[in-house]
Amino acid sequence: MQAIFGCILLNASHIWLHSFECKSYTICIFLNAGYQSKGKKNGGRLTAMTARQLSNGIKKTFRYAKRNGWRSAFYAAAERLGQRKNRYLYEPPSGEVLAAQRTRIWEITPKISILVPAFETKEEFLSALIASVRAQTYSNWELIIADASEGDIVKRTAYPYTREDARINYYHLGENKGISGNTNAGLDFAGGAYTVLLDHDDLLTPDAVYEMVCAAQKNPDAALLYSDEDKCDAAARQFHTPHYKFDFDLDLFLTNNYICHLAMLKTGIFRELRLRPEYDGAQDYDLFLRIAAKGEKIVHVPKVLYHWRSHEQSTADNPESKHYAYEAGLRALNDFYRTVGWAAHAKEDQHVGFYRTVYEKTIFAVRPEVGATGGALIQRGKVAGGAMEEDGTVRYRGLNEKYSGYMNRAVLSQSVPALDLRCMSVRDELKELYEEYTACISDAEESAAAQSAAFSREVRRRGYLLIYSPADLCYTRGSVD
């Protein structure tokens, strides 16, 4: 890189870092802080959060450029700016809905253990967490605060609540065994049929446990249930970055721990598997992978039930701060491959905290359940085909080929209902069927979509999976609407 010129422009809610000159071209990178102060103006000064976000944004951009090159960093930053223009407002359930949940007559009311491994937790964070638990509309819960702190801040904060509410339990662990060891120690005190994992500085929505119990009763065979989530600022006044998740998809899960929060597990299975200290940083990912390897049922609850607090020490605010966690994730994935007998290994993907599976042979040789794989079909720089819904609708249609999409999904491997016949590979057993359907495709977009959907339905009927592999790009003429 010959020279780098940075100029920071502040504009209400946007922070732009621009004019990076790299070799023979100039890259303009726009970083949106995603923060807009309320109340009185600060006279042009940076708030602590804005300054921190700016610093993190700059660091993240440089690290991304180091991993993937400045051209890729430009597109990543430009896409991030566009995404952050989409405003998000968390809307809690109405008072009427919450009241109805509180007065519901249940046939069965399983006890839910809410497990919080705590370590030198700030008083305001822990008090807010406890308040969010006490506000639950489902009442048969117990809160287990497993404290590994050297000081007494957690004890002083928690003790008054234990006297007010018998469901709140405080335990001092005596020593700090790390996140896995501390969580396992807290698990030993759990008396519930299910255990909910709650980080010591985060918050539950008031309907969180209610909705999880409803889903558990509809799916009594589920070992693990998870919900959607969002993030909030340190004061828990502003909510942002909602994560609306897919139902459980093993292939997508092998690219990142998108289950994350809120997670509720059957206590018996949790005790059987426990967290493994050698995977600290990715201990939850390792646990969930082992549950998947056992073939247990995993259920998605499509509601935002968890607020992940962003602050200076939080990975929500700066995912780069725990790179050791991503290395632990690689090891957890490789252990999963060994457990299920796949000749494969994991490698880091272009985005920090995301992974790619590398098969030592072909995917068809390693995984007999996979019938076809397909890549993204590109027309004039935009996605025109590839991953499809069951009716042939293109999942990421119109996305710039350099962009990654919402939660980076457009560049992640995933199981899909249908694939585009024009950018596909199939296992030998399906080649005759493939040739039959491709012979009927015309140049019309409608024909390609219809034939692709019909072929994919037949592949699924025969018991095979269809895997979207976006790194396998195909280019075609034409335009995307």
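The structure we're discussing is the one just above.
What counts and what doesn't
- Residues numbered from 1 in each chain as written.
- Predicted model: local features only at pLDDT ≥ 70, side-chain atom pairs only at ≥ 80, totals over all residues.
- Heavy atoms only, no water.
- Pairing = 2+ DSSP bridges.
- Helix = DSSP H or I, 4+ residues; strand = E, 2+ residues; numbered from the N terminus.
- Contact = heavy atoms within 4.5 Å.
- Axes fitted to C-alpha atoms, helices over the stretch in contact; angles between N-to-C directions.
- Buried < 20%, exposed > 50% of the residue type's maximum accessible area, 1.4 Å probe, protein only.
- Lys, Arg positive; Asp, Glu negative; His and termini not counted.
- Salt bridge = Lys/Arg side-chain N within 4 Å of Asp/Glu carboxyl O.
- Expected span 1.5 Å × (residues − 1).
- Right-handed = clockwise from strand over helix to strand, strands pointing away.

S.K.: Before we move on, can you summarise the sheet that holds strand β24 (residues 465-468) with the specific residues and values?
M.R.: Strand order in the open sheet formed by 4 strands is β21-β24-β17-β23, and the pairing between neighbours is mixed. With partners counted over all chains shown, the strands left at the sheet margins are β21 (414-415) and β23 (424-426), one partner each. The pairing of β21 with β24 spans 2 bridges and is antiparallel. Each bridged residue has a counterpart across the sheet, and for Ser415 the counterpart in β24 is Ile467. Sheet strands touched by helix α14 (residues 445-461): β17 (370-374), β23 and β24. Its angle to β24, the strand with the most contacts, is close to 125 degrees.

S.K.: Break down the side chain of Asp230 for me, with residues and values.
M.R.: Secondary-structure assignment places Asp230 in strand β11 (residues 222-232). For the buried residue Asp230, which engages in no salt bridge, the nearest side chain bearing the opposite charge is Lys231, 9.8 Å off. Apart from residues lying up to four places away in sequence, Asp230 is in contact with Tyr88, Tyr90, Phe239, His240, Thr241, Pro242, Val304, Tyr306, His307 and Trp308.

S.K.: An account of helix α11 (residues 323-340) is requested, with residue identities and associated values reported.
M.R.: Each α-helix turn comprises 3.6 residues. Residues three or four places apart therefore point the same way. Given a rise of 1.5 Å per residue, 18 residues ought to cover 26 Å, and the 26 Å separating the end C-alpha atoms of α11 matches this to within 8%. Restricting attention to buried positions, one finds in α11 the residues Ala325, Tyr326, Ala328, Gly329, Leu330, Ala332, Leu333, Asp335, Phe336 and Tyr337. In the core, the buried residues of α11 are packed alongside α8 (250-253), α10 (283-293), β15 (344-348) and β16 (355-359). Immediately beyond the C-terminal end of α11, within one or two residues, lies Gly341, with a positive phi of roughly 80 degrees.

S.K.: Let's hear about the pairing of strand β6 (residues 112-118): which residues, and what values?
M.R.: Counted residue by residue, β6 has 7 buried out of 7 residues, so it is predominantly covered. Burial along β6 is two-sided: Ile112, Ile114, Val116 and Ala118 and Ser113, Leu115 and Pro117, pointing in opposite directions, are all buried. With 7 bridges joining them, β6 and strand β7 (residues 141-147) adopt parallel strand pairing. In the sheet register, Ala118 faces β7, and the bridge partner there is Asp147. In this fold, the crossover linking β6 to β7 by way of helix α4 (residues 123-134) has right-handed handedness. Two elements, β6 and strand β9 (residues 194-197), share 4 bridges in a ladder whose sense is parallel. Counted as the bridge partner of Ile112 is Tyr194 from β9.

S.K.: Quick rundown of the pairing of β24? Include the residues and the values.
M.R.: Note that β17 and β24 share 4 bridges and pair parallel. Counterpart to Val370 in the pairing with β24 is Leu465.

S.K.: For unusual backbone geometry, give the residues involved together with the corresponding values.
M.R.: The omega torsion across His261 and Leu262 is -15 degrees, close enough to zero to call that bond cis. One non-glycine residue with positive phi stands out, namely Arg274, at about 55 degrees. Mapped onto the secondary structure, Arg274 falls in the loop between α9 (267-273) and α10. You can call Arg274 partly exposed: its relative accessible area is 24%. Here Asn408, not a glycine, exhibits a phi torsion of approximately 65 degrees, which is positive. With respect to the element layout, Asn408 can be found in the loop between β20 (387-388) and β21.

S.K.: Lay out the sheet that holds strand β18 (residues 377-379) in plain terms, naming residues and giving numbers.
M.R.: Spatially, 3 strands are ordered β19-β18-β25 in an open sheet, and the strand pairing comes out mixed. Of all the strands in the sheet, the pair left with one neighbour each is β19 (382-385) and β25 (474-476). Averaged over all pairs of adjacent strands, the angle between their axes in this sheet comes to 45 degrees, without regard to strand direction. Pairing between β18 and β19: 3 bridges, direction antiparallel. What sits directly across from Leu377, in β19, is Gly385.

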